[in-house]
Amino acid sequence: MNKIGLALRELYRAEEDLADEYVKAGERLAVEHEVYYACKRFAQQCHLHAETLRTFAVRYEEELPAADDDEVGETTTASLRHRVSELLGRRPESGLLLLRSLRQLYLQAQEVSFHWIIAGQIAQATRDQEFLSTVDRLHRETLTQIKWLKAQAKQASPQALVAASG
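It should be emphasised that the depicted structure is a prediction, and the values quoted were computed from it without experimental measurement.

Trainee: Would you mind going over the overall build of the protein chain with me for this structure?
Mentor: Counting its secondary structure elements, the protein chain contains five helices and zero strands. Reading the protein chain from its N terminus to its C terminus gives the helix and strand order α-α-α-α-α. Counting across all 166 residues of the protein chain, residues that qualify as buried make up 43%. Total accessible area on the protein chain is roughly 9,500 Å²; 54% of this is exposed by carbon and sulfur atoms.

Trainee: Looking at this structure, how should I read the environment of Gln-45?
Mentor: Inspection of the secondary structure puts Gln-45 in helix α2 (residues 33-57). C-alpha of Gln-45 to C-alpha of Gln-145: the two residues are 100 residues apart in sequence and 9.7 Å apart in space.

Trainee: Could you clarify how one ought to interpret the packing of aromatic side chains in this entry?
Mentor: Two numbers describe a pair of aromatic rings. These are the distance of the centres and the angle of the planes. Taken as a whole and assessed by the stated rule, the structure comprises five aromatic pairs. An angle of 50° between the planes, with centres 5.4 Å apart, marks the rings of Tyr-22 and Phe-42 as tilted. Residue Tyr-22 is found in helix α1 (residues 3-28), and its partner Phe-42 is found in helix α2; the two are separated by 20 residues along the sequence. This pair shows no difference in class: Tyr-22 is buried, exactly as Phe-42 is. Ring geometry for Phe-42 against Trp-148: centres 5.5 Å apart, planes inclined by 75°, an arrangement best described as edge-to-face. Here Phe-42 is found in helix α2, whereas its partner Trp-148 is found in helix α5 (residues 129-163), with 106 residues between them in sequence. Neither Phe-42 nor Trp-148 differs from the other in exposure class; each is buried.

Trainee: Would you mind going over the packing of α1 against α2 with me for this structure?
Mentor: Between two packed helices, both the angle of their axes relative to each other and the distance between the axes serve to describe the pair. Two numbers describe how α1 lies on α2: the axes approach to 8 Å, and their chain directions differ by 165°. As judged from the angle between their axes, α1 and α2 are roughly antiparallel. As α1 packs across α2, the resulting crossing turns out to be left-handed. Residues that form the contact of α1 with α2 fall into these classes: 16 nonpolar, three polar and five charged.

Procedures and definitions
- Residues numbered from 1 in each chain as written.
- Predicted model: local features only at pLDDT ≥ 70, side-chain atom pairs only at ≥ 80, totals over all residues.
- Heavy atoms only, no water.
- Helix = DSSP H or I, 4+ residues; strand = E, 2+ residues; numbered from the N terminus.
- Buried < 20%, exposed > 50% of the residue type's maximum accessible area, 1.4 Å probe, protein only.
- Areas by Shrake-Rupley, 256 points an atom, 1.4 Å probe, with all protein chains shown as cover.
- Phe/Tyr/Trp six-rings, centres within 6.5 Å; stacked < 30°, edge-to-face > 60°.
- Axes fitted to C-alpha atoms, helices over the stretch in contact; angles between N-to-C directions.
- Parallel < 35°, antiparallel > 145°, perpendicular 65-115°, else oblique.
- Left-handed = near helix turned anticlockwise from the far one by under 90°.
- Nonpolar A, V, L, I, M, F, W, Y, C, P; charged D, E, K, R; others polar.

So far we have only geometry, and geometry alone does not tell us how the molecule works.
What follows is the structure, given as structure tokens:
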């Protein structure tokens with residue numbers, strides 16, 4: 001395995017891990033409909049990023065594993081997470097769960113963003129214009145995810161931390 005291949009493999013793994021975390025967070029926060037549907041959409045986006053990366057990895061002599069499936073489904077524990085979400089409903093504890101989930105997603109999305117920066121440097125160093133263009137587009141989508149996560153945290157924090165304790 002070459003160094004470029006290793007970097008692309010790390011990006012692929014980070015995208016797939018982020019997709020999985022979006023699915024789990026969406027299941028945990030199913031009563032927050034906006035969050036649920038955004039998480040599902042972002043999980044699909046991450047899977048598409050990983051799949052797109054597979055096609056470019058071949059150029060750098062790296063074979064990445066195929067995704068399990070193209071459709072973002074629910075995990076085997078989805079029904080349990082949905083039930084817990086329903087039971088918690090709009091209780092004060094659910095606000096803390098939301099913040100914790102947003103924090104975890106934000107940190108993982110930042111990791112993915114870092115890997116996209118590295119991929120961009122690879123594309124520039126190898127003068128691969130097609131890859132550079134793709135990296136730029138997919139990195140911007142990741143930055144949009146980060147922006148959305150920050151906005152959700154700003155919106156949820158006062159209610160979860162101040163209103164709940166007052």
